Amino acid sequence: MAVFRNCGRFCYRELDLEKEIGEKELALSCAKGDNMARKVLYNRYAARLYPLCCRYTKDSDAGKDLLHDTLIKAFDKIGGFNYRGEGSLYAWLRKIAVNMAIERIRKEGRLSFSQLNDDIYAAEDPDIDSVKEIPLDELLKMISSLPESKRMVFNLFCIEGFSHYEISELLGISVNTSTSTLAKAKRLLAAMINNYLEKMK
Amino acid sequence: MEDWTDIIGKRIKEERKTLPPGDWDNLEREYLARKRSRWIYTSIISLAAAAIAVLAVLLPYQSADINIINDTGIPDTVSELLAQYDSTETIIYPLRKRNFTIADQGTADQVVIAEKPESSTEGSINEEKKDEAQIARPVDNKEHPYYDNSTEEIYTRDRKKIVLSSRLGGLSSRASSGIGGINSSGIGIPYMLGANGGTSIRHSIPITFGLDIGFLIQERFVLTSGIEASVYKSEFSYSGDVGESRGIEQTAWFIGIPLKLEYTVWEADRFSSWIGAGGKADRCIYARLNGMDIHDDTFNWSVLANAGIRYDLFDNIGIFLAPEVSWFFRSENTQLLTYRTENPLMFTVNAGVKFSF
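Residues numbered from 1 in each chain as written. Chains lettered and ligands numbered in written order. Predicted model: local features only at pLDDT ≥ 70, side-chain atom pairs only at ≥ 80, totals over all residues. Heavy atoms only, no water.

> How should unusual backbone geometry be read in this particular structure?
Note on backbone geometry: most residues besides glycine have negative phi, and most peptide bonds are trans. In this structure, Arg 220 of chain B takes a positive phi of about 80° despite not being glycine. With respect to the secondary-structure elements, Arg 220 of chain B resides in the loop between β9 (207-218) and β10 (221-239). (Helix = DSSP H or I, 4+ residues; strand = E, 2+ residues; numbered from the N terminus.)

Right under this line is the structure:
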């Protein structure tokens, strides 16, 4: 994408933002209100953020809404972004997306960590090599069929890499609740995977 | 040791999903719409806050009246006199008389402060001197705006406290010429690719629409603010690779908040005129060049001076004409080339309607 940058009254230079610009400069340009930089940020990160957003929502349309809200918030708040090395911009965007997803789920009243009526599954851990062969779409389907709170904790811990302490802070629950919810989510998912593998035999 | 959930986590983390084409355009539109509405909302709140602040300053003046005399038995203010005699028109004050009393001269709407009978004059010489000192005050106050020299009448002027105005303004000068201005050639034109030959810009006359509210903060001084929208149109033409001439159009809308202090210099019958000075902050809310959105978040500042004449059609409604000169401080961060980026000194003629309350 070639754009012209104003660097004086009547002096403009061409800059290939897509190739040249680093994360820090990109964030700085976005903070200055450069729309081309915003577009570059979108092109770089939207494809990675979109599946993340879909994992926390009911469908892809809601995922797209969440992605838009995330990016709009990021454009507004990017002035406060602290660069901490390569990858920090994506980590920052991911955190915004996760926070917004949690906020949405909370507003909709879908997040419940009640221990009542929780079935305990005694499923065995699936074989690692078998898990590698399961198509990604199938895995995503299984994860999306988990109950909301379990899915949330599983996503945050196993996919996003948050610690139980961070999850407890994000969701406003205790560390113990986070740990037990994750354990239940794992058992439930293991049961689904085993069931799938049985069918495939 | 690697867990089976780690495998799932890694696989999912690497997932990429392509968004449908046109998604960026939708996001851009949504973002700009939210930004605009937020900006307008903030402007309205700021304006309301400014109006409240001005009203807070204004309120003490609303109860101010003219002191006539502070002697016992004679009211201190015009409003007290009016309250006693239920008068709304004229108070005649015989300034050259030494001792006064108040009497109704027969007409319900005229209060006359008449001479006291000689026989009723009492007190020592010192008291008489004191009276002289007191009655001399109105004479000394001949420069007071409420004092009419010719008729020796003191009256209340019905000056409105709040003025609302709507206006339309356009430039009346430099519309078709100017070095480096209206028709510029040979300069680098932003956003324009492949302009190998000569280039030129033609700027149309900017048009401004404004809604103002003015508060009388002191006798003859009005503090005015409001909101105004300006549209700047430009035409960029350049020669392409094979020498053919191409032209593209740019339209830019700006929203601004002016703040002016105006002084009424002259009033006669239905006419009044004023001069004023102040500043303005504005920013672009929409700009499009050849179907491409241009975003410019820069705040633009300018100082201005104006003069105007108003003709009152009715008691509360008048029309006005107000030429204005402004100087635009060009920001280096601005992405837009408009009339004023090339002509910092602008001359605008505003015309509109004023409502007074």
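> Where do I start with the pattern of salt bridges in this structure?
Pairing of side chains with opposite charge becomes possible as their charged atoms draw close. A full pass over the atoms with the stated rule returns 13 salt bridges over all chains. A salt bridge links Arg 187 of chain A to Asp 125 of chain A; the shortest N-O distance between them is 2.6 Å. Taken together, the residues Arg 187 of chain A in helix α10 (residues 175-200) and Asp 125 of chain A in the loop between α5 (88-107) and α6 (128-133) connect sequence positions 62 residues apart. Residue class for Asp 125 of chain A comes out partly exposed when judged on its relative accessible area of 46%. Beyond isolated ion pairs, a larger network of salt bridges with shared partners links Asp 69 and Arg 104 of chain A together with Glu 30 and Arg 34 of chain B. (Salt bridge = Lys/Arg side-chain N within 4 Å of Asp/Glu carboxyl O. Buried < 20%, exposed > 50% of the residue type's maximum accessible area, 1.4 Å probe, protein only.)

> Even after reading the chapter, I still don't get the environment of Ile 255 of chain B, so can you show me in this structure?
Residues and elements named next belong to chain B. With respect to the secondary-structure elements, Ile 255 resides in strand β11 (residues 245-268). We classify Ile 255 as buried; its relative accessible area is 12%. Among all residues touching Ile 255, those that are not within four sequence positions of it are Trp 39, Ile 227, Glu 228, Ala 229, Ala 281, Asp 282, Arg 283 and Ile 285. (Contact = heavy atoms within 4.5 Å.)

> Hey, could you run me through the nonpolar core in this one?
In summary, soluble globular proteins display a tendency toward joint burial of nonpolar side chains. Ranked by internal contacts, the top residues of the largest apolar core, which has 73 residues, are Leu 41, Leu 89, Phe 154, Leu 156, Leu 171 and Ile 193 of chain A together with Ile 8 of chain B. With residues up to four places along the chain from it excluded, the contact list for Ile 8 of chain B reads Val 131, Leu 139, Ile 143, Phe 154, Leu 189 and Ile 193 of chain A. Formed by 14 residues, the second largest nonpolar core is a distinct cluster that contains Ile 201, Tyr 232, Ile 248 and Ala 252 of chain B. (Core = buried A, V, L, I, M, F, W, Y, C linked by side-chain atoms within 4.5 Å.)

> How should I be thinking about the packing of helix α7 (residues 136-144) of chain A against helix α1 (residues 4-13) of chain B in this particular structure?
In contact at an axis separation of 11 Å, α7 of chain A and α1 of chain B are set at 110° when each is read in the N-to-C sense. The angle between α7 of chain A and α1 of chain B places the two elements in the roughly perpendicular class. α7 of chain A and α1 of chain B meet at a crossing whose hand is left-handed. Each of Leu 136, Leu 139, Leu 140 and Ile 143 of chain A in α7 of chain A lies in contact with α1 of chain B, whose residues at this interface are Ile 8, Arg 11 and Ile 12 of chain B. Grouping the amino acids of the contact of α7 of chain A with α1 of chain B by side-chain chemistry returns six nonpolar, no polar and one charged. (Axes fitted to C-alpha atoms, helices over the stretch in contact; angles between N-to-C directions. Parallel < 35°, antiparallel > 145°, perpendicular 65-115°, else oblique. Left-handed = near helix turned anticlockwise from the far one by under 90°. Nonpolar A, V, L, I, M, F, W, Y, C, P; charged D, E, K, R; others polar.)

> Quick question: what am I supposed to make of the environment of Leu 27 of chain B here?
As for its position among the elements, Leu 27 of chain B is in helix α2 (residues 23-62). Among all residues touching Leu 27 of chain B, those that are not within four sequence positions of it are Tyr 42, His 68, Leu 71, Ile 72 and Phe 75 of chain A.

> Sorry, what's going on with the interface of chain A and chain B here?
One frequent convention defines the size of an interface as the accessible area lost when the parts assemble. Every contact between the two is made by 46 residues of chain A and, on the other side, 40 residues of chain B. Buried area between chain A and chain B, both sides added, is near 4,300 Å², and the carbon and sulfur share of it is 63%. At the boundary of chain A with chain B, the tally comes to two salt bridges. With its nearest N and O atoms 3.5 Å apart, the salt bridge here joins Lys 186 of chain A to Asp 3 of chain B. (Buried area = accessible area lost by both parts, 1.4 Å probe.)

> How do you make sense of the packing of aromatic side chains when you look at a structure like this?
For any pair of aromatic rings, the description consists of the separation of the ring centres together with the inter-plane angle of the planes. A complete count under the given rule lists eleven aromatic pairs over all chains for this structure. The interplanar angle of 80° and the centroid separation of 6.4 Å between the aromatic rings of Phe 75 of chain A and Trp 24 of chain B together place this pair among those described as edge-to-face. With Phe 75 of chain A in helix α4 (residues 60-77) and Trp 24 of chain B in helix α2, the pair connects residues from two separate chains. When sorted by exposure, Phe 75 of chain A lands in the same class as Trp 24 of chain B, which is buried. Ring centres 6.0 Å apart and planes at 55° place the aromatic pair Trp 274 of chain B and Phe 320 of chain B in the tilted group. Pair noted here: Trp 274 of chain B is in strand β12 (residues 271-289) and Phe 320 of chain B is in strand β15 (residues 317-329), with a separation of 46 residues, a long-range link. (Phe/Tyr/Trp six-rings, centres within 6.5 Å; stacked < 30°, edge-to-face > 60°.)

> Help me understand the packing of α7 of chain A against α10 of chain A, please; the structure alone is not making it clear to me.
In helix packing, the relevant descriptors are the interaxial angle and the interaxial distance, both defined with respect to the helix axes. All names here are of chain A. Between α7 and α10, the least distance of the axes is 10 Å, while the angle of their chain directions is 140°. Here α10 runs oblique to α7, going by the angle between their axes. Crossing geometry of α7 relative to α10 is assigned as right-handed. When α7 is examined against α10, the residues Glu 138, Leu 139, Met 142 and Ile 143 are found in contact with a partner set consisting of Leu 189, Met 192, Ile 193 and Tyr 196. Residue classes in the contact of α7 with α10 are distributed as seven nonpolar, no polar and one charged.

> In this structure, what is going on with helix α2 (residues 23-31) of chain A? I would like to understand it.
An α-helical turn contains 3.6 residues, so a residue and the one three or four places further along point in the same direction. Residues and elements named next belong to chain A. Residues of α2 that are buried include every one of Glu 23, Leu 26, Ala 27, Ser 29 and Cys 30, and no others. For α2, the angular spread of the buried residues around the axis is 160°, confining them to a single face. Gly 33 sits one or two positions beyond α2 and adopts a positive phi of about 90°. (Arc of directions from axis to C-beta.)

> Which parts of the structure should I look at to understand the confidence of the model for chain A?
In regions of low pLDDT, the predicted coordinates are not meant to be interpreted in detail. Residue and element names in this part refer to chain A. The predicted model of chain A averages 82 in pLDDT, with 86% of residues at 70 or higher. Within chain A, the lowest mean pLDDT, 41, falls on strand β1 (residues 2-6), and the highest, 91, falls on α4. Per-residue pLDDT stays below 50 along residues 1-15; that stretch engages in 46 contacts with residues further than four places along the chain or on separate chains. (pLDDT = per-residue confidence, 0-100.)

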